[in-house]
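Structure at a glance
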Amino acid sequence: MGKPPNLYAFQSTDELAPSLRTFVLDAQNSALERHNVFRVGVSGGSLPKVLAKALLESSTGEGKVQFDKWEIFFADERAVPLDHEDSNYKLVKEELLDRLPADSGKPAVYPIDVKYLDDVQEMADQYEQTLVSVFAARDSVKLPMFDLLLLGCGPDGHTCSLFPGSPLLRETDAWVLPISDSPKPPPKRITLSLPVASHGIKIGFVATGGGKKDIMKQIFDTEEGQQLPCGLINTFAQERVSWFVDYPAIEGVSFPARRGSL
Ligand SMILES: O=C(O)[C@H](O)[C@@H](O)[C@H](O)[C@H](O)COP(=O)(O)O
């Protein structure tokens, strides 16, 4: 048995941001030592905004953010044009990429191929091919290992576009999966599969606001909660997972949270 996931709780998003920055910088620095590149998978939702606050507005943590060494992938993406208001790429671009300091260098970013907007299976296959080309051949690497995955948690316990009860949760082979009936709009999406989403060297969840407290209680305090997508990642990845939450999101949660610092 490994150690349980880490749960870090803060008064507010403003107080959470510096610790998230330290966490990201630690992951970056060890990735750069290992292979001189930092491969990050990011989700949509509220995460890009909090990440931007952590990276652009705060200054704690060892060393600097070396954006020119970053490769950014999408843990899930909606099948819409890249300038559509539902696009996670657009969100990350507007919150983070467009706001990088002029002297910071630019990350390499891997958006979906919009040629395949009408065929999500093909879009997922193409995105998997992108991962294959970056992470080495499919035959030699059983699963791509992101240096860091930054994920959100939906009020039903979904993460990436892996929803509770979905047959996609049983996928053991594909790295990237299509969805055409997502319960959260828009319906057509692609997502990392559960084995890939659990395989990050580090996995950070960000969940804030009182709207998350019921699901956080389920995930951390109940057996059933461990079967939810976020709970499954906790179970598979154990201490490789760190949750960054605010106090309203863990009100009533018994699982021990470290308060106020990383
Ligand atoms: O594109 C998406 O829909 C997201 O990747 C999704 O998985 C999100 O991270 C959660 O729904 C949490 O969203 P919030 O952080 O906004 O609650």
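Residues numbered from 1 in each chain as written. Predicted model: local features only at pLDDT ≥ 70, side-chain atom pairs only at ≥ 80, totals over all residues. Heavy atoms only, no water.

Rules: UniProt positions are given in the numbering used here, feature names are shortened, and annotations may be inferred rather than shown by experiment.
As recorded in an unreviewed UniProt entry, the chain goes by 6-phosphogluconolactonase and comes from Lophiotrema nucula. Word for word, the UniProt comment on the chain under Pathway (unreviewed entry) is "Carbohydrate degradation; pentose phosphate pathway; D-ribulose 5-phosphate from D-glucose 6-phosphate (oxidative stage): step 2/3." Annotation of the chain in UniProt includes, under Sequence similarities (unreviewed entry), the sentence "Belongs to the glucosamine/galactosamine-6-phosphate isomerase family. 6-phosphogluconolactonase subfamily."

What to know about the nonpolar core
To be explicit about the condition: In these notes, a set of buried Ala, Val, Leu, Ile, Met, Phe, Trp, Tyr and Cys residues joined through side-chain atoms within 4.5 Å is what counts as a nonpolar core. For the exposure calls, accessible area comes from a 1.4 Å probe over protein chains only, and a residue counts as buried if that area is under 20% of its type's maximum, exposed if over 50%, partly exposed in between. Elements are defined by DSSP. Helices are runs of H or I of four residues or more, strands are runs of E of two residues or more, and each kind is numbered from the N terminus. Contacts are assigned to residue pairs that have any heavy atoms within 4.5 Å of one another.
The biggest cluster of nonpolar side chains holds 88 residues, and the ones touching the most others in it are L20, L150 and W243. A per-element tally of this core places helix α1 (residues 13–35) first, with 9 residues. Apart from residues lying up to four places away in sequence, W243 is in contact with P5, N6, L7, Y8, C153, F205, A207, M216, I219, F220, C230 and N234.

Considering the packing of α1 against helix α2 (residues 47–56)
Rule in force here: Each axis is a line fitted through C-alpha atoms, taken for helices only over the stretch in contact, and angles between the N-to-C directions span 0 to 180 degrees. Working rule for angles: under 35 degrees goes down as roughly parallel, over 145 as roughly antiparallel, 65 to 115 as roughly perpendicular, anything else as oblique. Residues are grouped as follows: Ala, Val, Leu, Ile, Met, Phe, Trp, Tyr, Cys and Pro are nonpolar; Asp, Glu, Lys and Arg are charged; every other residue, Gly included, is polar.
At their nearest, the axes of α1 and α2 sit 8 Å apart, and the two run at 70° to each other. Classified by the angle their axes make, α1 and α2 are roughly perpendicular. Within the contact between the two elements, α1 uses T13, D14, L16, A17, L20, R21 and V24 and α2 uses V50, L51, K53, A54 and L55. A class-by-class count of the residues in the contact of α1 with α2 yields 8 nonpolar, 1 polar and 3 charged.

Structural notes on the sheet that holds strand β2 (residues 38–42)
The criterion, for reference: One requirement defines pairing of two strands: DSSP has to find at least two bridges between them.
Strand order in the open sheet made by the 8 strands is β5-β3-β2-β6-β9-β10-β1-β11, with parallel pairing throughout. Both edges of this open sheet fall to β5 (108–109) and β11 (258–259), since each of them pairs with a single strand only. Here strand β9 (residues 202–207) pairs with strand β10 (residues 241–246) via 5 bridges, running parallel. Directly across from A207, in β10, lies its bridge partner V245. Contacting β1 (6–10), β2, β3 (70–74), β6 (148–152), β9 and β10, α1 crosses the sheet at an angle of about 160° to β10.

A closer look at the environment of E239
With respect to the helices, strands and loops of the structure, E239 is situated in the loop between α7 (229–237) and β10. The partly exposed category is assigned to E239, whose relative accessible area is 35%. Separated by 237 residues in sequence, E239 and G2 have C-alpha atoms that sit 7.0 Å apart. Beyond its immediate chain neighbours, meaning those up to four positions away, E239 contacts G2, K3, P4, P5 and N6.

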